[in-house]
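Observations on the model geometry
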Amino acid sequence: MIDADDLADLRVTADYQFGAGAGDALFPPDDDLSVRRSSSGRPSQVLAEAGRLVTYTTDGRFTLGVAGGRRLADAFESPACRVVVGDESEPFVRDGKNVFAKFVADVDPDVRPDDEVLVVHERGDLLAVGRAELDADAMLDFETGMAVKVRDGAEE
């Protein structure tokens, strides 16, 4: 179980990193969350029944798990936090393969390198979560290069 102080800190970090409302979406008050802690006692992973929501990295930011990605996708309207791909990339991205710029159909204009992003299909299905390697403009302009380093694919 997670204590109230840790929950408040996690929500503030989520709101800062992903935008207002992310903390409540990722860590709702009525959810039974568990926390894995580092040897120093700092929260390192936040887990829900559906799986890993986030990992709290040493630089003070979250990396998303697929379960956390689903919660953000449900909470935010498209294109927030999203990189959109089409049919050609779908099976590969679901399987955890990286997203290349030439396959990016759309992207949240606020995405910057090193941002945590949701990779979604044009119809809205979550395919994966990962780290942006390029900013939004570059993802749309470049014909080569990696756009998103996929961490976890959302296998069907």
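Structure first, text after, so check above.
Read on for an overview of the structure.

Analysis parameters
- Every chain's residues receive numbers from 1 upward, in the order its sequence appears when written.
- In keeping with the model being predicted, local features are shown solely for residues with a pLDDT of at least 70 and side-chain atom pairs are shown and tallied solely at 80 or more, while totals for entire chains, interfaces and linings include all residues.
- Derived side-chain values reflect all non-hydrogen atoms in the structure, with water molecules and hydrogen atoms excluded from consideration.
- Here, nonpolar core means buried Ala, Val, Leu, Ile, Met, Phe, Trp, Tyr and Cys residues that are tied together by side-chain atoms lying within 4.5 Å of each other.
- Relative accessible area decides the class of each residue, using a 1.4 Å probe on protein chains only: under 20% of the type maximum gives buried, over 50% gives exposed, and in between gives partly exposed.
- Put simply, DSSP marks the helices as runs of H or I at least four residues long and the strands as runs of E at least two long, and each gets a number from the N terminus on.
- Here, strands pair whenever DSSP counts at least two bridges between them.
- Should any heavy atoms of two residues lie within 4.5 Å, those residues are counted as being in contact.
- As a rule, the C-alpha atoms of each element are fitted with a line to give its axis, helices using only the stretch in contact, and angles between N-to-C directions run from 0 to 180 degrees.
- Just to be clear on terms, a salt bridge is a Lys or Arg side-chain nitrogen sitting within 4 Å of an Asp or Glu carboxyl oxygen.
- Pairs were defined over the aromatic rings of Phe, Tyr and Trp, the Trp ring being its six-membered one, requiring ring centres within 6.5 Å. Orientation was assigned from the angle between planes: stacked under 30 degrees, edge-to-face over 60, tilted for the rest.

Quick look at the nonpolar core now. One recurring pattern in soluble globular proteins is that nonpolar side chains are buried together. Counting 29 residues, the largest nonpolar core has Phe18, Phe27 and Leu118 as the members making the most contacts within it. Of all elements in the fold, only α1 (4–18), α2 (22–26), β2 (43–48), β3 (51–56), β4 (62–64), α3 (66–75), β8 (116–121) and β9 (126–132) reach the threshold of two or more residues within this core.

On to the environment of threonine 144, then. You can see threonine 144 is positioned in the loop between α5 (136–141) and β10 (146–153). Each C-alpha atom, one on threonine 144 and one on phenylalanine 103, is 9.3 Å from the other, the two residues being 41 residues apart in sequence.

Time to look at the sheet that holds strand β7 (residues 104–107). Strand order in this open sheet of six strands is β6-β10-β9-β8-β5-β7, and the pairing throughout is mixed. The open sheet is flanked by β6 (99–100) and β7, the only strands paired with a single partner. Looking at chain direction, β6 and β10 are connected through two bridges and run antiparallel. Within β10, the position partnered with valine 99 by the bridge is valine 148. Sitting on the sheet, α3 is in contact with β5 (82–85), β8, β9 and β10, with an inclination near 100 degrees to β9.

Here the focus is the pairing of β2. Among the six residues in β2, five count as buried, and that is most of the element. Pairing geometry for strand β1 (residues 34–37) and β2, over four bridges, is antiparallel. Each residue of the ladder has a partner; that of arginine 36, found in β2, is glutamine 45. Between the antiparallel neighbours β1 and β2 lie five residues, among them glycine 41 with a positive phi of about 95 degrees. Of the pairings in the sheet, the one linking β2 to β3 comprises four bridges and is antiparallel in character.

On inspection of all chains with the given rule, the structure shows 15 salt bridges. A salt bridge links arginine 94 to aspartate 125, with the nearest nitrogen and oxygen atoms 4.0 Å apart. Of this pair, arginine 94 sits in helix α4 (residues 90–94) while aspartate 125 sits in the loop between β8 and β9, placing them 31 residues apart in sequence. With its nearest N and O atoms 3.6 Å apart, the salt bridge here joins aspartate 115 to arginine 112. Judged by relative accessible area, which is 14%, aspartate 115 ranks as buried. A relative accessible area of 53% places arginine 112 in the exposed class.

This part is about the packing of aromatic side chains. Applying the stated criterion across every chain yields a total of two aromatic pairs. Considering the side-chain rings of tyrosine 56 and phenylalanine 62, the 5.2 Å spacing of their centres and the 45 degrees angle between planes classify their relative orientation as tilted. In textbook terms, an aromatic cluster arises when at least three aromatic residues are bridged by ring pairs, as seen for Phe27, Tyr56 and Phe62.

Across the sheet, which stays open at both edges, the four strands sit in the order β1-β2-β3-β4 with antiparallel pairing between neighbours. Each having just a single partner strand, β1 and β4 make up the two edges of the open sheet. Strand-to-strand twist of the sheet, defined as the mean angle between neighbouring strand axes without regard to direction, takes the value 25 degrees. Taken strand by strand, α1 contacts β1, β2, β3 and β4, and its axis lies near 75 degrees from that of β4. Sheet strands touched by α3: β2, β3 and β4. Its angle to β3, the strand with the most contacts, is close to 95 degrees.

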